[in-house]
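Examining the three-dimensional arrangement
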Amino acid sequence: MKYIDEFQDPDLAARLLDDIRSTVTRPWALMEVCGGQTHSIIRHGIDQLLPDEVELIHGPGCPVCVTPLEVIDKALEIASRPEVIFCSFGDMLRVPGTGRDLFQVRAEGGDVRVVYSPLDALRLAEENPDREVVFFGIGFETTAPPNAMTVHQARRRGIRNFSLLVSHVRVPPAIEAIMQSPDCRVQGFLAAGHVCSVMGTAEYPALAERFRVPIVVTGFEPLDVLEGVRRTVRQLERGEHTVENAYPRAVPPEGNPAARAMLDDVFEVADRAWRGIGVIPDSGWRLSPRYRDHDAEHRFQVGDITTLEPAECRSGEVLQGLLKPHECEAFGTTCTPRTPLGATMVSSEGACAAYYLYRRLDLPGRPGSRPPGATAPTATDAPAVTVPSREDSSVV
């Protein structure tokens, strides 16, 4: 595995860290906008390896985590209907709605199935013409194209019993909302490389200029993250605020034109609610009018479901970078992967799940915390292993 070995080299990591230490002269707060990057950071201890002047803030980069509670409740309502086969990726089944989750719906007799592609759900619709098959389409710009293609295929092939429950969101409006918050401390962004591999980088220069923040497109391996941090810190120290592509092996400036064309055909930009954050204008997609017959929310008339977030869950603050997971009173006590209060604890890309899984419980008195006065790990302490997949049973 060429890129796994080359991008987890501890000697190269140490050299990048030395470069960051020699560059930084004052405190900087950087935000990664990707749950995969968050897990890489926490698993490899990158945030502990960096100099004290560089703080990494975990942003709303987990698609499962930002799916609002009302959409989860819509999914539960649809999945409970006897005529429905409800299909989802495995990381959604334990995400709590109001009082239950998809696992409980399945235990109560609902036909809830884990699939590995939206095309699996389309095949089920073709094989079960007397049933309604619904696929739970969530995620950022990365997962939207295959879901769009599946709806396109359903319409082209006349498969009328297939529909999509849509909860797709877009990264640039989220960055804008974060920077407009009065509590914002972010001074630079590590942009999600997989998102830019689809959409390109054209939307970011205006944000970098408007808010005067550097934005560095970054990958997911330890050296990718460190290189992203190095470039961001270098810009901040120089007083610059441009867009850099530190992930050129996967991200062309124009992205993927075919995928973008499919998105433009099937979806239209819409306001979207983000769990724990609220509605962000133009921050998501919904099916365009010509594909409305495949809109599960419209088909099953669940558009009027509204809910309130549980007061004891502070995942909204975690998603906005205002709170580290272990700083929540419920973290690791009343909120665990088996008894989650919110999606950030159960999603395989959630910040709370990362902190719990890798025993980042460093508040006084918590099991696994680092004793007072103990030194942070060195660069060679970071294990050269991969981030767990979304099917990792310890999280999902």
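Residues numbered from 1 in each chain as written. Predicted model: local features only at pLDDT ≥ 70, side-chain atom pairs only at ≥ 80, totals over all residues. Heavy atoms only, no water.

Notes on the pattern of salt bridges
Applicable threshold: Salt bridges are defined by distance alone: a side-chain nitrogen of Lys or Arg within 4 Å of a carboxyl oxygen of Asp or Glu. To sort residues, take the accessible area from a 1.4 Å probe on protein chains only and compare it with the maximum for the residue type: under 20% means buried, over 50% means exposed, and anything in between is partly exposed. Strands here mean DSSP runs of E at least two residues long; helices mean DSSP runs of H or I at least four residues long; both are numbered from the N terminus.
With the rule as written, the count across this model stands at 24 salt bridges. In this structure, Glu 77 engages Arg 81 in a salt bridge whose closest nitrogen and oxygen atoms are separated by 3.3 Å. On the accessibility criterion, Arg 81 (23% relative accessible area) is partly exposed. Note that Arg 123 and Glu 127 form a salt bridge whose closest N and O atoms lie 3.3 Å from each other. Placement of the pair is Arg 123 and Glu 127 together in helix α8 (residues 118-127), with a separation of 4 residues, close to one helical turn.

Quick notes on the packing of α8 against helix α9 (residues 144-157)
Just so we agree on the cut-off: Axes here mean lines fitted to C-alpha atoms, for a helix over just the part in contact, with angles spanning 0 to 180 degrees between N-to-C directions. Roughly parallel here means an angle under 35 degrees, roughly antiparallel means over 145, roughly perpendicular means 65 to 115, and every remaining angle is called oblique. The hand of a helix crossing depends on one turn: near helix anticlockwise from the far one by less than a right angle means left-handed, and clockwise means right-handed. Contact between two residues is taken to exist if any of their heavy atoms lie within 4.5 Å; hydrogens are not considered. For this classification, Asp, Glu, Lys and Arg are treated as charged, while Ala, Val, Leu, Ile, Met, Phe, Trp, Tyr, Cys and Pro are nonpolar and the rest, including Gly, are polar.
Across the interface, α8 lies against α9 with an axial gap of 9 Å and an inter-helix angle of 25 degrees. It follows from the interaxial angle that α8 and α9 lie roughly parallel. Here α8 runs over α9; the crossing is right-handed. Touching Pro 118, Leu 119, Leu 122 and Glu 126 of α8 are Pro 146, Asn 147, Thr 150, Gln 153, Ala 154 and Arg 157, all from α9. When its residues are assigned to classes, the contact of α8 with α9 shows 5 nonpolar, 3 polar and 2 charged.

Concerning the sheet that holds strand β7 (residues 188-192)
Spelled out, the test is: The pairing criterion is simple: DSSP has to find at least two bridges between the two strands.
The 5 strands are arranged β2-β1-β7-β8-β9 in an open sheet whose pairing can be described as parallel. Two strands in the sheet have a free side with no partner beyond their single neighbour: β2 (54-58) and β9 (243-245). On average, adjacent strands in this sheet sit at an angle of 25 degrees to one another, irrespective of strand direction. Two elements, strand β1 (residues 28-32) and β2, share 5 bridges in a ladder whose sense is parallel. Within the sheet, the bridge partner assigned to Ala 29 lies in β2 and is Glu 55. Along the sheet, helix α13 (residues 222-238) contacts β1, β2, β7, β8 (215-218) and β9; its crossing angle with β8, the most-contacted strand, is approximately 170 degrees.

Points about α9
Side chains three or four residues apart in an α-helix point the same way, a direct result of the helix having 3.6 residues per turn. Formally: Here a helix's expected span is defined as the number of its residues, less one, multiplied by 1.5 Å.
In this model α9 runs 20 Å from its N-terminal to its C-terminal C-alpha over 14 residues, within 8% of the 20 Å that 1.5 Å per residue would give. Listing the buried residues of α9 in full gives Ala 144, Pro 145, Asn 147, Ala 148, Thr 150, Val 151, Gln 153 and Ala 154. Following α9 by one or two positions, Gly 158 adopts a phi angle in the positive range, close to 70 degrees.

A closer look at the nonpolar core
As a reminder, the rule being used: What is meant by a nonpolar core is a set of buried Ala, Val, Leu, Ile, Met, Phe, Trp, Tyr and Cys residues, joined one to another through side-chain atoms within 4.5 Å.
Ranked by internal contacts, the top residues of the largest apolar core, which has 57 residues, are Ile 78, Phe 86, Phe 136 and Phe 189. For this core, the element with the most residues is helix α6 (residues 69-79), which contributes 6 residues. For Phe 136, the residues in contact, after removing those within four places along its chain, are Thr 67, Val 71, Ile 72, Ala 75, Phe 86, Cys 87, Ser 88, Met 92 and Leu 165.

Quick word on the packing of aromatic side chains
How we decide: Stacked, tilted and edge-to-face are the three classes applied to pairs of Phe, Tyr and Trp rings, where Trp contributes its six-membered ring and a pair requires centres within 6.5 Å; stacked means planes under 30 degrees apart, edge-to-face means over 60, and tilted covers the rest. Geometrically, a charge over a ring is one whose NZ (Lys) or CZ (Arg) sits within 6 Å of the ring centre while staying within 35 degrees of the ring normal.
A full pass over the atoms with the stated rule returns 6 aromatic pairs. Measuring from centroid to centroid gives 6.1 Å for Phe 267 and Trp 285, while their planes differ by 25 degrees, and the two rings are stacked. Pair noted here: Phe 267 is in strand β10 (residues 267-274) and Trp 285 is in strand β11 (residues 278-287), with a separation of 18 residues, a long-range link. Aromatic side chains Phe 331 and Tyr 356 sit 6.3 Å apart centroid to centroid with 80 degrees between the ring planes, which places their arrangement in the edge-to-face category. With Phe 331 in the loop between α16 (315-319) and α17 (343-346) and Tyr 356 in helix α18 (residues 351-357), this pair connects stretches of sequence that are 25 residues apart. Judged by its relative accessible area of 2%, Phe 331 falls in the buried class. The residue whose ring lies beneath Arg 249 is Phe 7, and the NZ or CZ to ring-centre distance is 3.8 Å.

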